[in-house]
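# Residue-level structural notes
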Amino acid sequence: MKKAKSNNIVVMDCDLQHNPNYIIKMWKKFNGSEYDIIIANRFSNQKILGNLGFIRSFVSLSTITLINLIFGKKTQDPLSGFFLFKKNILLKFEKSFFLNGYKILFDIIYNGKTNLVIGHQDIKFNKRKYEKSKFNLRIIVIFLRQLIY
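Since we're looking at a predicted model, the values are computed, not measured. (Residues numbered from 1 in each chain as written. Predicted model: local features only at pLDDT ≥ 70, side-chain atom pairs only at ≥ 80, totals over all residues. Heavy atoms only, no water.)

Moving on to the environment of Phe71. Within the fold, Phe71 resides in helix α2 (residues 54-71). Take Phe71: its relative accessible area is 32%, and that puts it in the partly exposed class. A sequence separation of 76 residues divides Phe71 from Leu147, and the C-alpha atoms of the two residues are 9.4 Å apart. Beyond its immediate sequence surroundings of up to four residues, Phe71 is in contact with Phe106, Tyr110 and Leu147. (Helix = DSSP H or I, 4+ residues; strand = E, 2+ residues; numbered from the N terminus. Buried < 20%, exposed > 50% of the residue type's maximum accessible area, 1.4 Å probe, protein only. Contact = heavy atoms within 4.5 Å.)

What follows concerns the nonpolar core. Counting 23 residues, the largest nonpolar core has Ile37, Ile39, Ile67, Phe83, Phe85, Ile108 and Ile109 as its most contacted members. Counting residues per element, the ones that place at least two in this core are β1 (8-12), β2 (37-41), α2, β3 (82-86), α3 (87-93), α4 (104-111) and α5 (137-148). With sequence-adjacent residues up to four places away left out, Ile67 is seen in contact with Gly72, Pro78, Leu79, Phe106, Tyr110, Phe143 and Leu147. Residues Phe30, Ala40, Phe82 and Ile123 belong to the second largest nonpolar core, which totals 9 residues. (Core = buried A, V, L, I, M, F, W, Y, C linked by side-chain atoms within 4.5 Å.)

Okay, the sheet that holds β1 next. Strands sit in the order β1-β3-β2-β4 across an open sheet of 4 strands; the sheet is mixed. Bordering the open sheet on either side are β1 and β4 (118-122), each of which pairs with just one other strand. Going across the sheet, the axis of each strand differs from the next one's by a mean of 15°, ignoring polarity. Relative to the sheet, helix α1 (residues 22-30) contacts β1, β2, β3 and β4, its axis offset from that of β3 by approximately 30°. (Pairing = 2+ DSSP bridges. Axes fitted to C-alpha atoms, helices over the stretch in contact; angles between N-to-C directions.)

Right, let's get into α4. Counting buried residues in α4 gives 7 out of 8 residues, a clear majority hidden from the surface. Those residues of α4 that fall on the buried side of the exposure criterion are Leu105, Phe106, Asp107, Ile108, Ile109, Tyr110 and Asn111.

All right, on to the pattern of salt bridges then. In the structure shown here, the tally under the stated rule is 3 salt bridges. Salt-bridge contacts for Glu94 lead to Lys2; the nearest nitrogen and oxygen are separated by 3.0 Å. Taken together, the residues span a long stretch of sequence, with Glu94 in the loop between α3 and α4 and Lys2 in the segment before β1 at a distance of 92 residues. Here Glu94 falls in the partly exposed class, since its relative accessible area comes to 26%. With a shortest N-O distance of 3.8 Å, Lys86 and Asp36 are connected by a salt bridge. Note that Lys86 is positioned in strand β3 and Asp36 in the loop between α1 and β2, a separation of 50 residues in sequence. Classification of Lys86 as partly exposed rests on a relative accessible area of 25%. Asp36 gets classed as buried once you look at its relative accessible area, which sits at 6%. (Salt bridge = Lys/Arg side-chain N within 4 Å of Asp/Glu carboxyl O.)

Remember that the coordinates give geometry; whether it matters functionally is a separate question.
Quick look at the structure:
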């Protein structure tokens, strides 16, 4: 990301669960606004979106609730893998980041600039087309370390 030529960066998981067409909607909200970051929100009106499944939805929503209780609610989906943000946030606050965690968005929101202006784009989360989730005990341990950090 540091080598990107643009001052704006889109992060999107590569498992095709996020529709790239949302980038245009996110950009329209972001461009010329005061937002530092626009987050694609998987949990807008429904609790189980797309094909996340009950267990993964329950784990994600429980983790989000825990994050909100411990750190305060800054966003509806701090675990999203799809967001658009200003590169200078990464460059200016890099030394504050955990950098070894599972969720870079969580790192940016809670370990960087304290007064981020956050916007949201509600999305429909699609069924995974390729590969399997990397979510396992090892990822849980890494994320717990990131929470403690």
